[in-house]
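Chain by chain, the residues:
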Amino acid sequence: MTNLLEVKNISKYYRAKNGWLKQRRICALQPLSFSIQRGETIAIMGETGSGKSTIARLIAGAETPSSGEIYLNGELLNPHDYQTRCREIRMIFQDSLSSLNSQLTIGRQLLEPLKFNSGCTHAEQLERVYVILQKVGLLPDHFHFYPHMLSSGQQQRVCIARAIILEPQIIVADEAFASLDPSIRAQIINLILDLQEDMGISFIFASHSPEIVKHVADKILIMHRGKMIEFDSTQALLTNPKEQISKNLLQSEQLNKALKHTTTQE
Amino acid sequence: MSTILDIRNLTIELETSAGTVKVLDKVSLQLAEGEIHTLVGESGSGKSLLAKAIMGFINPRWKITADRLWWRHYDLLSLNPAQRRLVTGRDMAMIFQNPGSYLDPNTKIGDQIRETIPKADLKGIYLRRKASRTVRAERLLHRVGIKDHQKVMESYPYQLSEGVAQKVSIAMAIAHNPKLLIADEPTTAMEPNTRNQIYRLLAKLSAGQGMSILMVTQDLTSIVPESQRMSLVYCGQLMESGATEQILSTPMHPYTQAMLQMSFFDQGIAPKTRLPTLTGAIPTLQHMPIGCRLGPRCPNARRDCIHQPRLTKFKQREFACHFPIREVKSHD
């Protein structure tokens, strides 16, 4: 069985001016490789500046890698092949309001990817938008709403709708849960788990909340200063992390404290 | 320990196009000296508003009523603005979310800190005063755990990382040794390492100097481990209040339990299973339900919930629910 997505020796350097003529290379991501199966969830964890957003952006095609290749279903994915990319790999951002166009209604925003990427007639497209709206737990009436009229949870649902409307194989989320309220966040996580089961989507997300990662991810990729430190299944990483950095990232004091109380209680 | 902040039935009403809305509805809160009190609430719960009401950042359009709003022996509501400013300026300080964005972008950090040092603490004539200001500023930075004071004082806010910026803002807040520090979501969107540093710093300040801290947070996963007491508010109503350990281990209110289940995912919940959540969304200001505002989303809601429940006191904790999860034994 071929891997759904295979990342080979991908790296990213930025150039920064150093004096008038000199240039300095800043390494955001050192060469790393990993692969993802169909329907799998991978969490990328790391501190700020560790390159976790860079990986997400490289996979989604928001940036071109300095070296290395990405293979989708065994075929090389050209960095400038936006047509395939936007059909198969879609991205969800942290700030849902600013990632939506404030001047278009929800319906028009969801129609847009369909217009450019599917050969459907307008009627079929409309049909599809209504189906997707219901799928993410919104009402058909929301078609005519503008983003600012929705709550933050609903906005995030619209972003998810926009991501799944082309039936992609991979969804990349960069801190998609961080700014949501706890009750809404749990709803969104449930929604993503449901969608994954329904449509067999692979899910790559960057997060720094150990609780969410433990709950959702199959595999965890730990980043530190642009280097991949560990990549293993969640279970293995939780039971015996090889590096101190991963241990620190995966444990949460508050959680342990609460757990301690409940165990002493029982 | 003596209670220094005593709030009973604080109500804040706002005039909106849909009539008067109670943004805070009879919230009570007591804070003892040297205590860390965590105030947990989702967005729209009025938690920041409560913090602002204590500090006196009040919009004249708000109508604030309270049975008691006492700070030590001052009744804050009966003071005139000048007196109130004097009291809050001397005794209280506040730090905010996104520290980098509210430091002055045009001024060096050193100058900003020097400015906050109270005049009364400085002695001598002009040059002497100026020098002692700098020394005080350096000492403040050391106190909040910044070792490289020279570099930080010479930089502008945009050059600092989030954690350092928050430390600088804490340094500015504690410059005049306040008795109460209100931290309004100081660590949201910070990475765990920095967050824990800030928590340790706050805990140290509270333990070392008897400073009371009111921590306002959004989420149960970001409670300072040293916090002694906590309160949960939902849509302007107090849900539960009591000792942190008790609330985390034996919640009485369905809301507390739901929040616990939603925040501490792996407590008995297998990975990949659906999380228990509250149905629906947080109501907007114009559409607050009557009675207990959790009503429409509460798993235990029954007919009586259209009346607002009174605060039940039991074993030094309080909760407002007609149908608590655990039975209250009356002889306690």
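Where an unreviewed UniProt entry is consulted, chain B appears under the name Peptide ABC transporter ATP-binding protein, with the organism given as Pseudidiomarina donghaiensis. Recorded in UniProt for chain B, the comment headed Subcellular location (unreviewed entry) runs: "Cell inner membrane". Heading Sequence similarities (unreviewed entry) of the UniProt record for chain B holds this comment: "Belongs to the ABC transporter superfamily."

As annotated in an unreviewed UniProt entry, chain A carries the name Peptide ABC transporter ATP-binding protein and comes from Pseudidiomarina donghaiensis. The heading Subcellular location (unreviewed entry) in the UniProt record of chain A holds the text "Cell inner membrane". For chain A, the Sequence similarities (unreviewed entry) comment in UniProt is given as "Belongs to the ABC transporter superfamily."

1. Looking at the overall build of chain A
The helix and strand tally for chain A stands at 11 helices and 10 strands. Taken against the 2.2 N^0.38 rule, which gives 18 Å for 266 residues, the C-alpha radius of gyration of chain A at 20 Å falls within 12% of a compact globule. Across the 266 residues that make up chain A, the buried fraction comes to 42%. Long-range pairs, those at least 24 residues apart, make up 68% of the contacts in chain A between residues at least 6 apart in sequence.

2. So, the pairing of strand E3 (residues 41-45) of chain A
Residue and element names in this part refer to chain A. Among the 5 residues in E3, 5 count as buried, and that is most of the element. Covered by surrounding structure in E3 are Thr41, Ala43 and Met45 together with Ile42 and Ile44, the residues of both alternating faces. As paired elements, E3 and strand E8 (residues 202-206) share 4 bridges and run parallel to each other. Residue pairing for E8: Thr41 is matched across the bridge by Phe203. As judged from the 4 bridges shared by E3 and strand E9 (residues 219-224), these two strands associate in the parallel manner. Each residue of the ladder has a partner; that of Ala43, found in E9, is Ile220.

3. Thoughts on the sheet that holds E3 of chain A
Within a sheet, adjacent strands bond to each other through the backbone by hydrogen bonds, running parallel or antiparallel. All names here are of chain A. Strands sit in the order E6-E7-E8-E3-E9-E10 across an open sheet of 6 strands; the sheet is mixed. Looking at which strands have only one partner, the edges of the open sheet turn out to be strand E6 (89-92) and strand E10 (227-233). Neighbour to neighbour, the strand axes of the sheet diverge by 15 degrees on average, direction disregarded. Alignment of E9 against E10, held across 6 bridges, turns out to be antiparallel. Across the sheet, Met223 pairs through a bridge with Met228, a residue of E10.

4. Some thoughts on the environment of Ala137 of chain B
Residues and elements named next belong to chain B. Inspection of the secondary structure puts Ala137 in helix H5 (residues 126-143). As a C-alpha pair, Ala137 and Met172 span 35 residues in sequence and 8.8 Å in three-dimensional space. Dropping the residues within four chain positions of it, Ala137 is found in contact with Gly110, Ile113, Arg114, Ile117 and Met153.

5. A closer look at the nonpolar core
Ile44 and Val172 of chain A together with Val168 and Ala171 of chain B are the most contacted members of the largest nonpolar core, which has 155 residues in total. The element that contributes the greatest number of residues to this core is helix H7 (residues 162-173) of chain B, accounting for 7 residues. Residues in contact with Val168 of chain B, not counting those within four places in the same chain, are Leu103, Ile109, Ile113, Val152 and Leu160 of chain B.

6. A short note on the packing of helix H4 (residues 109-116) of chain B against H7 of chain B
Geometry of a packed helix pair, given as the angle between the helix axes and the separation of the axes. Residues and elements named next belong to chain B. Running from N to C, H4 and H7 point in directions that differ by 25 degrees, and their axes come no closer than 9 Å. Here H4 is positioned roughly parallel relative to H7, judged by the angle of their axes. Of H7, the residues touching H4 (which contributes Ile109, Gln112, Ile113 and Thr116) are Val168, Ala171 and Met172. Among the residues forming the contact of H4 with H7, the class breakdown is 5 nonpolar, 2 polar and no charged.

7. Details of the confidence of the model for chain A
Taken as a whole, chain A shows an average pLDDT of 82; of its residues, 94% reach a score of 70 or greater. Predicted confidence for residues 262-266 of chain A stays below pLDDT 50, and this span has 4 contacts to residues more than four positions away or in other chains.

About the criteria used
Residues numbered from 1 in each chain as written. Chains lettered and ligands numbered in written order. Predicted model: local features only at pLDDT ≥ 70, side-chain atom pairs only at ≥ 80, totals over all residues. UniProt positions renumbered as here; feature names shortened; annotations may be inferred. Helix = DSSP H or I, 4+ residues; strand = E, 2+ residues; numbered from the N terminus. Rg over C-alpha atoms; globule rule 2.2 N^0.38 Å. Buried ≥ 20, exposed ≤ 12 C-beta atoms within 10 Å, placed from the backbone. Contact = placed C-beta atoms within 7 Å. Pairing = 2+ DSSP bridges. Axes fitted to C-alpha atoms, helices over the stretch in contact; angles between N-to-C directions. Core = buried A, V, L, I, M, F, W, Y, C linked by C-beta atoms within 7 Å. Parallel < 35°, antiparallel > 145°, perpendicular 65-115°, else oblique. Nonpolar A, V, L, I, M, F, W, Y, C, P; charged D, E, K, R; others polar. pLDDT = per-residue confidence, 0-100.

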